[in-house]
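Fold and contact review
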Amino acid sequence: MRKQENNLQPSEPRRGDARENEAYLRLVGERVRNLRAQLGMARKALSQASGVSERYLAELERGTGNASLLVLRNIASALGARIEDLASEQDDQAVDTSLGFDQLEQLSPSDASPQKPVRRWNTNGTPLGRIALVGLRGAGKTTLGHALAKAIGVPCIALDREIERASGMEVADVLAVHGEAVYRRLERNCLATVVETVPRAVIKTGGGIVLEPETMDLMFSGCFVIWITASSNELFARARGSAALPINGSGRHAKAVLEAALAEREPLYARADAVIDTTGKSVDEALNELLRIVQAAQPRENATQARSTTLDRLKEDRRDIECAS
Ligand SMILES: Nc1ncnc2c1ncn2[C@@H]1O[C@H](COP(=O)(O)OP(=O)(O)O)[C@@H](O)[C@H]1O
Ligand SMILES: O=C(O)C1=C[C@@H](OP(=O)(O)O)[C@@H](O)[C@H](O)C1
Ligand SMILES: [Mg+2]
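Computed from a predicted model, the values in this text were never measured in an experiment. (Residues numbered from 1 in each chain as written. Chains lettered and ligands numbered in written order. Predicted model: local features only at pLDDT ≥ 70, side-chain atom pairs only at ≥ 80, totals over all residues. Heavy atoms only, no water.)

1. A few points about helix 15 (residues 283-296)
- For helix 15, spanning 14 residues, the distance from its first C-alpha to its last is 20 Å, which sits close to the expected 20 Å at 1.5 Å a residue.
- Within helix 15 the residues assigned to the buried category are A286, L287, E289, L290, L291, I293, V294, Q295 and A296. (Helix = DSSP H or I, 4+ residues; strand = E, 2+ residues; numbered from the N terminus. Expected span 1.5 Å × (residues − 1). Buried < 20%, exposed > 50% of the residue type's maximum accessible area, 1.4 Å probe, protein only.)

2. With respect to the pairing of strand 3 (residues 201-204)
- Of the two faces of strand 3, the one holding A201 and I203 and the one holding V202 and K204 are both buried throughout.
- In this sheet, strand 3 lies alongside strand 1 (residues 130-134) in parallel orientation, the contact comprising 4 bridges. Residue A132 lies in a different strand from strand 3, and its bridge partner there is I203.
- Inspection of the sheet shows strand 2 (residues 156-158) paired to strand 3 by 3 bridges, in the parallel sense. Residue pairing for strand 3: C156 is matched across the bridge by V202. (Pairing = 2+ DSSP bridges.)

3. Examining the site of ligand 2
- Near ligand 2 lie 12 residues; those nearest to it are R137, K141, Y183, R184 and K204.
- Within the side chain of K141, a nitrogen or oxygen atom sits 2.8 Å from an oxygen atom of ligand 2.
- G207 has a polar backbone atom sitting 3.0 Å from an oxygen atom of ligand 2.
- For ligand 2, whose free accessible area comes to 390 Å², the fraction covered by protein is 92%.
- The residue makeup of the shell around ligand 2, split by class, is 3 nonpolar, 4 polar and 5 charged. (Near = heavy atom within 4 Å. Polar contact = N/O pair within 3.5 Å; in protein donor to acceptor, adjacent residues only side chain to side chain. Areas by Shrake-Rupley, 256 points an atom, 1.4 Å probe, with all protein chains shown as cover. Nonpolar A, V, L, I, M, F, W, Y, C, P; charged D, E, K, R; others polar.)

4. Some thoughts on the UniProt feature "binding site: ATP" (unreviewed entry) in the protein
- Under the feature "binding site: ATP" (unreviewed entry), the UniProt entry names G138, A139, G140, K141, T142 and T143.
- Tracing the backbone shows T142 in helix 8 (residues 141-152).
- Judged by its relative accessible area of 15%, T142 falls in the buried class.
- Structurally, T143 can be placed in helix 8. (UniProt positions renumbered as here; feature names shortened; annotations may be inferred.)

5. Considerations on the confidence of the model for the protein
- In this model, the protein carries a mean pLDDT of 77, and residues with pLDDT of at least 70 account for 71%.
- The low-confidence segment residues 1-8 (pLDDT under 50) makes 1 contact with residues lying over four places distant or belonging to another chain.
- For residues 121-127, every residue scores under 50 in pLDDT, and the model assigns this stretch 24 contacts once sequence neighbours within four places are set aside. (pLDDT = per-residue confidence, 0-100. Contact = heavy atoms within 4.5 Å.)

6. Considerations on the side chain of R130
- Tracing the chain through its elements places R130 in strand 1.
- No salt bridge forms around the buried R130; measuring N to O, its nearest opposite-charge neighbour E196 is 9.9 Å away.
- Separated by 3.1 Å, the side chain of R130 and the backbone oxygen of V195 make a polar contact. (Lys, Arg positive; Asp, Glu negative; His and termini not counted. Salt bridge = Lys/Arg side-chain N within 4 Å of Asp/Glu carboxyl O.)

7. A short note on the pairing of strand 5 (residues 274-277)
- Residues of strand 5 alternate between two faces, with A274 and I276 on one and V275 and D277 on the opposite face, all of them buried.
- The sheet contact formed by strand 4 (residues 224-229) and strand 5 spans 4 bridges and is parallel. Counterpart to I228 in the pairing with strand 5 is I276.

Structure representation (structure tokens):
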């Protein structure tokens, strides 16, 4: 019997089917989350400004909430955006972050955010030629840090490796012998050295860097900060194989320690200039998103040139985005 002709790829989701719907809701959620992070707006502040509960916003940002038109319109308005910016079906390359930045430029400072102005990554070096990746263990800071650095042609500096070099000890030994307070002091000193001496780099930080206010201030004054995150289940699954550290918990307490760390640190990570949620995404997809953020954060005059350079490099480097942890 002749096989029936069918132009649709069986593996490709069709518009309106469950998989496609889920992907669309995730896209809308990501836009809300990215725009909120770019505004430096805590979820609580967005909740107050939009009249939408924090819990509902969290669901929406995760891609599991299907907001009504009026709810989405309120959220958009609280973010200084239009509903179509959040709900568009177009590729984010054309819509997402650049649109957010364009609109933010037109807002008065008091409209934008109570916390901080929008900052741009500066390709020419200081003050924001450094991109710091923050987030919990397993988020993908190391993996994406190396891939991003390679794609944009800057060095990747793993702060924990710098701490090991400076102390002559492995991270686990510094923690076991000297304790976390000493580790955090070394971390601050190493970050200060990097900020003083390296004009352009991707800096992969350790999950707990956000716990020290002084180190945070240093990081924000010297780096464009991107929060890499994922659902707690996925973080847990990814971090499972990593070497046990006293500060990360182990055995049957590991999940609880991770969830407590997420709850404690979420508001601190949320100070970042941008955020990406890597849940359910491949490393390649997450890298592309990261590149879009970096591109959108560049000064306008550099953006076009940087886009082609970055994408060309990315094509060349696709083969080799793996890196040591
Ligand atoms: N979308 C993704 N982005 C980054 N890493 C991912 C992704 N999906 C799976 N992974 C895997 O998760 C692990 C993340 O580990 P790592 O990069 O060391 O994270 P971190 O440095 O934040 O602790 C790696 O094994 C990586 O291959
Ligand atoms: O919580 C922390 O501060 C640390 C987490 C680990 O890094 P990851 O976040 O990459 O797992 C470790 O190597 C590090 O440097 C200290
Ligand atoms: Mg790591």
